Amino acid sequence: LFKNKDGKKISKREGGSTIKEILEEGIEKDAIFNVLAKLGLSNYDDTFKTIKQLIEEFDLSKFGKSQIMFDATGMLHFNQKFWSAVDYNYLKPRLNGVSEELFEDIKHNIFYLKDVFEWQNIFEESHNFLHLLNESQIGILQTALKIIKESGFNWKQSFPKLKEEFKSIGVKEVLIPLRIALTGKPKGPEIETIFKHLNREKIEGRMSLPIETSRKV
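What you see is a predicted model; the values in this text were computed from it and never measured.

**Q** Give a detailed account of the nonpolar core, specifying residues and quantitative values.
**A** Counting residues in each nonpolar core, the largest one holds 49 residues, and the members touching the most others are Trp83, Leu95, Phe103, Val116, Leu178, Leu182 and Met207. Those residues within four positions of leucine 178 in sequence are excluded, and the remaining contacts are Leu141, Ile148, Trp155, Ile191 and Met207.

Next comes the structure, spelled out in structure tokens:
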């Protein structure tokens, strides 16, 4: 008998889902197998394992006899673990041309397959995210852009100079608006990785104010 985290019997009426519905939500079958294979284990292990490993290590003697508590949040937990651990070639047929280099650089920030294509779009297409920043952050960004340009758009050379320039407010106050300006997101791959996948033109374009606005400023 399966019960949810509130101790109620799992059913469609009590918020249960079919495997088909879970797959449609973007949870990978490998993550589902990991969750199901570990339900009822006396010593729970949240290490992600391949389907082959799960089969080889399956042992009924490891399962307890008490009622099984099922928490659906484990699906998302193992889904992220799947993306962090998965080999590029295993997913290549589903990645629609996403390069192995890009995939390896973003996979620790992936929860669902759609996230892969979102990051690909962020890096490859034209975007402007300055509208997500406030006036103060945009001002900081313009100073940071001057330093980055003087450093040849080399992040390793830019970073210590930014730390020195903004030591009074802390470099974190620079990194947050910089990340948002470049990707539209407050979290994601390391900024050095972001620089790696954006050319100079994109970096400068996403950090720069429109000419009309800069004249007013």
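Once you've had a look at it, read on.
**Q** Could you give an account of helix α12 (residues 200-207), naming the residues involved and the relevant values?
**A** Of the residues making up α12, those classed as buried are Ile203, Arg206 and Met207. Considered in projection along α12, the buried side chains sweep an arc of 95° and stay on one side of the axis. Lining the buried residues of α12 we find α7 (113-124), α8 (135-150), α10 (172-183) and α11 (191-197). Between the side-chain oxygen of the N-cap and the backbone nitrogen of glutamate 201 there are 3.2 Å, and the N-cap of α12 in question is asparagine 199.

**Q** Give me the lowdown on the pattern of salt bridges, citing residues and values where you can.
**A** Oppositely charged side chains are able to pair whenever their charged atoms sit close together. Summed over all chains, the structure comprises 11 salt bridges. Note that lysine 49 is salt-bridged to glutamate 57, the shortest N-O span being 2.5 Å. With a relative accessible area of 17%, lysine 49 lands in the buried category. One salt bridge in this structure joins glutamate 192 and lysine 156, with 3.8 Å as the shortest N-O distance. Here glutamate 192 is found in helix α11, whereas its partner lysine 156 is found in helix α9 (residues 155-165), with 36 residues between them in sequence. Several salt bridges share partner residues, and in doing so they unite Glu101, Asp105 and Lys196 into one network.

**Q** For unusual backbone geometry, give the residues involved together with the corresponding values.
**A** One non-glycine residue, asparagine 96, lies in the positive phi region at around 50°. With relative accessibility at 61%, the residue asparagine 96 sits in the exposed group. The phi angle at phenylalanine 153 is positive, at roughly 60°, despite the residue not being glycine. Note on placement: phenylalanine 153 falls in the loop between α8 and α9. What makes phenylalanine 153 buried here is its relative accessible area of 14%.

Calculation rules
Residues numbered from 1 in each chain as written. Predicted model: local features only at pLDDT ≥ 70, side-chain atom pairs only at ≥ 80, totals over all residues. Heavy atoms only, no water. Core = buried A, V, L, I, M, F, W, Y, C linked by side-chain atoms within 4.5 Å. Buried < 20%, exposed > 50% of the residue type's maximum accessible area, 1.4 Å probe, protein only. Contact = heavy atoms within 4.5 Å. Helix = DSSP H or I, 4+ residues; strand = E, 2+ residues; numbered from the N terminus. Arc of directions from axis to C-beta. Polar contact = N/O pair within 3.5 Å; in protein donor to acceptor, adjacent residues only side chain to side chain. Salt bridge = Lys/Arg side-chain N within 4 Å of Asp/Glu carboxyl O.

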